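Chains, contacts and geometry: an overview
The primary structure of each chain is shown beneath.
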Amino acid sequence: QVQLVASGVGLVQPGGSLRLPCAASGSIVSINNMAWYRQAPGKRRVLVARITSGGNTDYADSVKGRFTISRENAKNTVILQMNSLKPEDTAVYYCNADVWTTSRLGYSAYWGQGTQVTVSS
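Residues numbered from 1 in each chain as written. Predicted model: local features only at pLDDT ≥ 70, side-chain atom pairs only at ≥ 80, totals over all residues. Heavy atoms only, no water.

1. Focus: the nonpolar core
In globular proteins that are soluble, nonpolar side chains generally tend to be buried together. Grouped together as the largest cluster of nonpolar side chains are 31 residues, with contacts concentrated most on W36, L80, M82 and Y93. Sorting the residues of this core by element identifies β1 (2-6), β3 (18-26), β4 (28-39), β5 (46-51), β7 (67-72), β8 (77-82), β9 (91-101) and β11 (115-119) as the ones contributing at least two each. No other element matches β9, which puts 5 residues into this core. If we skip the residues at most four places from it in the chain, L80 touches L18, R19, L20, W36, V48, A49, F67, T68, I69 and Y93. (Core = buried A, V, L, I, M, F, W, Y, C linked by side-chain atoms within 4.5 Å. Buried < 20%, exposed > 50% of the residue type's maximum accessible area, 1.4 Å probe, protein only. Helix = DSSP H or I, 4+ residues; strand = E, 2+ residues; numbered from the N terminus. Contact = heavy atoms within 4.5 Å.)

Written as structure tokens, this is what we have:
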């Protein structure tokens, strides 16, 4: 099995910054894409940023230029650096990874537990 554990729950003022790391552990053979999604109250979960195993990235238009996604492959960790935060960034953030495990052929999607980010003065 695979666990994704995120940290960095936070209450941040508008204009502030927050760093969200998420580490994968378990019976991992390899990890393909890693990503962060978010879900605001009453809305569906949407992609915030994604990074491939080769380091290619893509971002939601709403966060381009403010958020940066990176990964530390040796630690099976994906990091979302959020700068210039706005109240509309308030949401539960979920990390996601496509993982090949020792018990199953092919990549399967795994999710973290969700971490609340609140941007408010």
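Structure shown, so let's carry the discussion forward.
2. Some thoughts on the pairing of β3
Bridge count between β1 and β3: 5 bridges; the pairing is antiparallel. By the bridge assignment, L4 is partnered in β3 with A24. With 6 bridges joining them, β3 and β8 adopt antiparallel strand pairing. Bridging across to β8, L20 finds its partner in L80. (Pairing = 2+ DSSP bridges.)

3. Quick notes on the sheet that holds β7
In space, the 4 strands of this open sheet follow the order β1-β3-β8-β7, with antiparallel pairing throughout. For this open sheet the edge positions go to β1 and β7, each flanked by a neighbour on one side alone. This sheet shows a mean twist of 15° between the axes of neighbouring strands, independent of strand direction. Relative to β8, β7 runs antiparallel, the two sharing 6 bridges. Each residue of the ladder has a partner; that of F67, found in β8, is M82. (Axes fitted to C-alpha atoms, helices over the stretch in contact; angles between N-to-C directions.)

4. Some remarks on the layout of surface pockets
Empty space within the largest pocket amounts to approximately 190 Å³. A class-by-class count of the residues in the lining of the largest pocket yields 3 nonpolar, 3 polar and 7 charged. (1 Å grid on protein atoms, 1.4 Å probe; cavity = no way out; pocket = protein on both sides within 12 Å on 5 of 7 lines; lining within 4 Å. Points joined across faces, edges and corners; volume = space filled by probe spheres on them. Nonpolar A, V, L, I, M, F, W, Y, C, P; charged D, E, K, R; others polar.)

5. Thoughts on the side chain of T115
Following the sequence through the fold, T115 ends up in strand β11. If we ignore the near neighbours within four places in the chain, the residues touching T115 are A6, G8, V9, L20, W36, A91, V92 and Y93.

6. Thoughts on the pattern of salt bridges
It is possible for side chains of opposite charge to pair when their charged atoms get near one another. Summed over all chains, the structure comprises 5 salt bridges. Close ionic contact of D58 with R50 constitutes a salt bridge, the shortest N to O distance being 3.3 Å. Judged by its relative accessible area of 32%, D58 is partly exposed. Across the pair K64 and D61 runs a salt bridge, and its minimum N-O distance is 3.1 Å. As far as the burial class goes, K64 and D61 line up, both exposed. A network of salt bridges, in which partner residues are shared, links R38, R66 and D89. (Salt bridge = Lys/Arg side-chain N within 4 Å of Asp/Glu carboxyl O.)

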